[in-house]
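# Coordinate analysis (summary)
This is what each chain is made of:
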Amino acid sequence: MFGTYERFNLVRGAFARNGSNTYIQEDYYKHGILRLGNNFTGDPVNTSDFLFDLKLTINGAPVKYSYFADEGSVVLKGHGAKVEIALTTRSHIRIRGENAGLRLELRSAVGGEARACRGIYALPDGSGWEGDFGRFGKLFFKAISGNYNVTAVFDDEKNQYTTLRVDFLPDATTGEFEGAIHDYQNKLLPYCEYEDFDELVEDNREDFTAFSKIYNAPAAGYEEMTKYAIWTVWSHRAKVIGFIKEPAILFQNSWSATAMPWQQSYNAMPMLADPKEAWRQVCVHFNYQDERTGRVNSGVNYSSPAMAGMQPAFQGFALDYIYRKVGDDFISPEEAERMFPKMAAWVNYWTTYRNAGRGDDVTALRSPHESGWDDASIFKDGFPAIEPNTMAFLVLLMEAVARLGKKSGKPDEYDKWMARAKKLTDTIVNEFWDGEKFVTKVKGKSVDSQSLACYQPIILGKRLPQNIIDKVAEKVTEEGALLTDIGVASESAQSPTATYGVSFVCGRVVGPQNMIITVGLQAAGKQKEADLIARRFCDQASREGIILGYAPYNYYKHNGEKAAQQVPPHPADGWPWSSWSANSFLTMATGIIGK
């Protein structure tokens, strides 16, 4: 799937595995060198001190190599020699070589020295070497067969290691070796029995195949890219360790290794062949809910507890889509009983702590991040901003709470929550639709904006009047404005604020926004328009890979000037592969196109 001579390599995407803390990525600045790191701290690959260059060696000297990676392993080849690396869910990786060795050389992303190392020593029993890497944890290097050599240089003046090399070397007779590298964050050395290497690789393939079964088949023509997208989600699935309480999907492995609550709902939406897993994914971040206020945190990773801030109440939107596709029989009365108070509290957090002070459920945002439109032009007039997109999410979450109440034997709760949802819908329509678009208001005045966000309340589907549905469908499919050859842009190409540099949703064509709009159009009965946009985005992803956002043009239409270009690599939407874009692709390819 990923290789030196393949369609996609490991420069933008990282090689990883479901339930493994380890990733392998090709160095952007030194092409041809794969680097090994872990995502326990969440440090991005361009600043991490914990990165090992992987060098294929023959007779102890590094040689150039090519590589190929799939769900089973990554293979390095050169000069008739081969090294294969396989990841596991058990906090270690396995390595084997034929007519070659493998050198791991610690090199910080900034400065180039081995400063992450706090000490490395041979264990007295001769079983291997243990290295202490501070907050990155420990590594235990073990030769299962063949030999190894450790070179460590400590600079007394700098008070740090300047060199750390671990060489796995082939047996002089067989020309082969096998090794293991354990990584762990506690002080106990993990021992295990090692399965046959070929069995391990096959187990990785079987795990990927099993994970793939939670998705429906894609529309014709998208089969190959669907595999890449599923692999991206699978390889970002975190295990239960540190502050991760339940398996979740990380945004990225080598850049921003964080699981975020709205992202878990993105992931849930295409999991229609296993709706119980989809439901679990929607609910996973309620493990971190503030019991006092009802707030759901903005994210969590292995080494950081639930983070401050918050993101849109996306769960109702995800459930609305899943209900339309497969019904709600997958939610048992017991599960409904468990989640009813949690999701009700999440709604009430918004309507209490972000209340606009009008005496109803209208909310006012304090930050653009609370909307999911981080740098959108709808916020150019400042805060607090009364914005209909966030309220549309609340409408759908209120309806989801109503259904949970009914399913758990509370019919009065169903009526109460549905009435709240209807009232808020009417407010959105009557006060925030200006005849052409939905508007954000600051100090009672409508913000002049050409953002795609002005049409996102289409997620309310047929709850909206037909004239609004028709107008939204017309606006988002206007060629050369919001609609581009590669999907809908997050800001109209005619807008003077549109930018394609380091931005999230102020001009680029971004995966989640295309998914949200197409799901909304389909819900509103505008299948033709939904299909058009989804195909354009999915075709672009098939050409360019699973990055979060794409520049639609290389110039600005409003003035003809050359467009600002992002200088890679950078964790923003225009550079690395991400699970956000992968699951947005999967929703469109399996649930929108051709449906």
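Further up the page is the structure itself.
Residues numbered from 1 in each chain as written. Predicted model: local features only at pLDDT ≥ 70, side-chain atom pairs only at ≥ 80, totals over all residues. Heavy atoms only, no water.

Okay, unusual backbone geometry next. Across the junction of Phe383 and Pro384, the peptide omega takes the value 0°, indicating a cis bond. Examined against the element boundaries, Pro384 turns out to sit in the loop between α6 (333-353) and α7 (388-407). Of note in this structure, Asn59 is not a glycine but carries a positive phi near 55°. When you line up the elements, Asn59 lands in the loop between β4 (51-58) and β5 (61-62). Given a relative accessible area of 79%, Asn59 falls into the exposed group. For Ser91, which is not a glycine, the phi torsion comes out positive at approximately 60°. Its place among the elements puts Ser91 in the loop between β8 (81-87) and β9 (92-98). (Helix = DSSP H or I, 4+ residues; strand = E, 2+ residues; numbered from the N terminus. Buried < 20%, exposed > 50% of the residue type's maximum accessible area, 1.4 Å probe, protein only.)

Moving on: the nonpolar core. Core analysis: the largest hydrophobic core is formed by 168 residues, its most contacted members being Phe52, Ile85, Phe133, Phe317 and Met343. Per element, the largest residue contribution to this core is 12 residues, and it comes from α7. Discounting residues that sit within four places of it in the chain, Phe133 has contacts with Phe50, Phe52, Leu106, Ala116, Cys117, Arg118, Lys138, Leu139 and Leu164. Judged by nonpolar contacts, the second largest core, of 10 residues, contains Phe40, Ala238, Ala257 and Ala259. (Core = buried A, V, L, I, M, F, W, Y, C linked by side-chain atoms within 4.5 Å. Contact = heavy atoms within 4.5 Å.)

For the rest of this paragraph, the subject is the pairing of β4. Burial of β4 is extensive: six of the eight residues sit out of reach of the surface. Across four bridges, strand β3 (residues 34-38) lies against β4 in antiparallel orientation. If you follow Leu34 over to β4, its bridge partner there is Leu54. Where β4 lies against β5, two bridges are found, and the strand directions are antiparallel. Its bridge partner lying in β5, Ile58 is registered against Ala61. Remark: two residues form the turn of the hairpin made by β4 and β5, two consecutive strands paired antiparallel; Asn59 in that turn has positive phi of roughly 55°. (Pairing = 2+ DSSP bridges.)

Now for the sheet that holds strand β11 (residues 119-122). An order of β1-β6-β7-β8-β9-β16-β13-β12-β11 is seen for the nine strands of this open sheet, with the pairing classed as antiparallel. Single-partner strands in this sheet number two, and they are β1 (2-3) and β11. In the sheet, strand β6 (residues 66-69) pairs with strand β7 (residues 74-78) via four bridges, with the strands oriented antiparallel. Bridge pairing in β7 places Ser66 opposite Lys77. Taken strand by strand, helix α1 (residues 197-212) contacts β8, β9 and β16 (176-184), and its axis lies near 55° from that of β8. (Axes fitted to C-alpha atoms, helices over the stretch in contact; angles between N-to-C directions.)

Two numbers describe how helix α5 (residues 315-326) lies on helix α10 (residues 511-523): the axes approach to 11 Å, and their chain directions differ by 45°. Between α5 and α10, the angle is such that the two are oblique. Where α5 crosses over α10, the two elements pack in a sense that is left-handed. Packed against α5, whose contacting residues are Phe317, Tyr321, Arg324 and Lys325, the element α10 presents Met515, Ile516, Val519, Gln522 and Ala523 at the interface. Residue composition of the contact of α5 with α10, grouped by class: six nonpolar, one polar and two charged. (Parallel < 35°, antiparallel > 145°, perpendicular 65-115°, else oblique. Left-handed = near helix turned anticlockwise from the far one by under 90°. Nonpolar A, V, L, I, M, F, W, Y, C, P; charged D, E, K, R; others polar.)

Another aspect to go through is the pairing of β16. Within β16, seven of the nine residues are buried, leaving the element largely enclosed by the surrounding structure. Across seven bridges, strand β13 (residues 138-145) lies against β16 in antiparallel orientation. From the neighbouring strand, Phe140 faces β16, where its bridge partner is His182.

Turning to the side chain of Asp43, a few remarks are in order. Mapped onto the fold, Asp43 is located in the loop between β3 and β4. For Asp43, a relative accessible area of 15% translates into the label buried. Engagement of the side chain of Asp43 in a polar contact is seen with the side chain of Thr41, the distance being 3.1 Å. Engagement of the side chain of Asp43 in a polar contact is seen with the side chain of Arg135, the distance being 2.5 Å. (Polar contact = N/O pair within 3.5 Å; in protein donor to acceptor, adjacent residues only side chain to side chain.)

In this structure, the largest pocket encloses a volume near 440 Å³. As for the largest pocket, its lining consists of 24 residues, of which Met260, Gln311, His369, Asp374 and Trp580 are closest to the centre. For the lining of the largest pocket, the per-class residue count stands at 11 nonpolar, 10 polar and three charged. The space that makes up the second largest pocket amounts to roughly 340 Å³. As for the second largest pocket, its lining consists of 18 residues, and the residues nearest its centre are Arg12, Glu544, Ile547, Gly574 and Trp575. Elements represented by at least two residues in the lining of the second largest pocket include exactly α11 (527-544) and β22 (549-550). (1 Å grid on protein atoms, 1.4 Å probe; cavity = no way out; pocket = protein on both sides within 12 Å on 5 of 7 lines; lining within 4 Å. Points joined across faces, edges and corners; volume = space filled by probe spheres on them.)

Attention now goes to empty space enclosed by the protein. Where empty space is left in the structure can be found by rolling a water-sized probe over the atoms. Scanning the entire structure with this criterion turns up three cavities of 30 Å³ or more. There is about 60 Å³ of room inside the largest cavity. Residue lining of the largest cavity: Arg12, Gly13, Ala14, Trp231, Thr232, His236, Gln252, Asn253, Ser254, Trp255, Pro576 and Trp577, and that is the complete set. Of the residues contributing to the lining of the largest cavity, the split by class is five nonpolar, six polar and one charged.

The terminal C-alpha atoms of α11, which comprises 18 residues, lie 25 Å apart, in line with the 26 Å expected from a rise of 1.5 Å per residue. Looking one or two residues beyond α11, the residue adopting positive phi is Gly545, at roughly 105°. (Expected span 1.5 Å × (residues − 1).)

As a further point, take the packing of aromatic side chains. Under the defined criterion, the tally for this structure stands at 36 aromatic pairs. Grouping aromatic residues by their ring pairs yields a cluster made of Phe251, Trp262, Tyr266, Phe314, Phe317, Phe393, Phe504 and Trp580. Residue placement shows Arg403 over the ring face of Tyr323; its charged tip is 3.9 Å from the ring centre. Between the NZ or CZ atom of Lys441 and the centre of the ring of Phe432, over which it lies, the distance is 5.0 Å. (Phe/Tyr/Trp six-rings, centres within 6.5 Å; stacked < 30°, edge-to-face > 60°. Lys NZ or Arg CZ within 6 Å of the ring centre and 35° of its normal.)

The subject of this paragraph is the state of the cysteines. In protein structure, a disulfide is the covalent linkage between the sulfur atoms of two cysteines. The full count for this structure, using the stated rule, is zero disulfides. With no disulfide partner, Cys506 has as its closest neighbouring cysteine sulfur the one in Cys454, 11 Å distant. (Disulfide = S-S within 2.5 Å.)

Bringing the packing of α10 against α11 into the picture now. Across the interface, α10 lies against α11 with an axial gap of 8 Å and an inter-helix angle of 160°. As judged from the angle between their axes, α10 and α11 are roughly antiparallel. Along this stretch, α10 crosses α11, giving a crossing that reads as left-handed. Together, Gly511, Asn514, Ile517, Thr518, Leu521 and Gln522 of α10 and Gln527, Glu529, Ala530, Ile533, Ala534 and Phe537 of α11 make up the contact between the two elements. Grouping the constituent residues of the contact of α10 with α11 by class yields six nonpolar, five polar and one charged.

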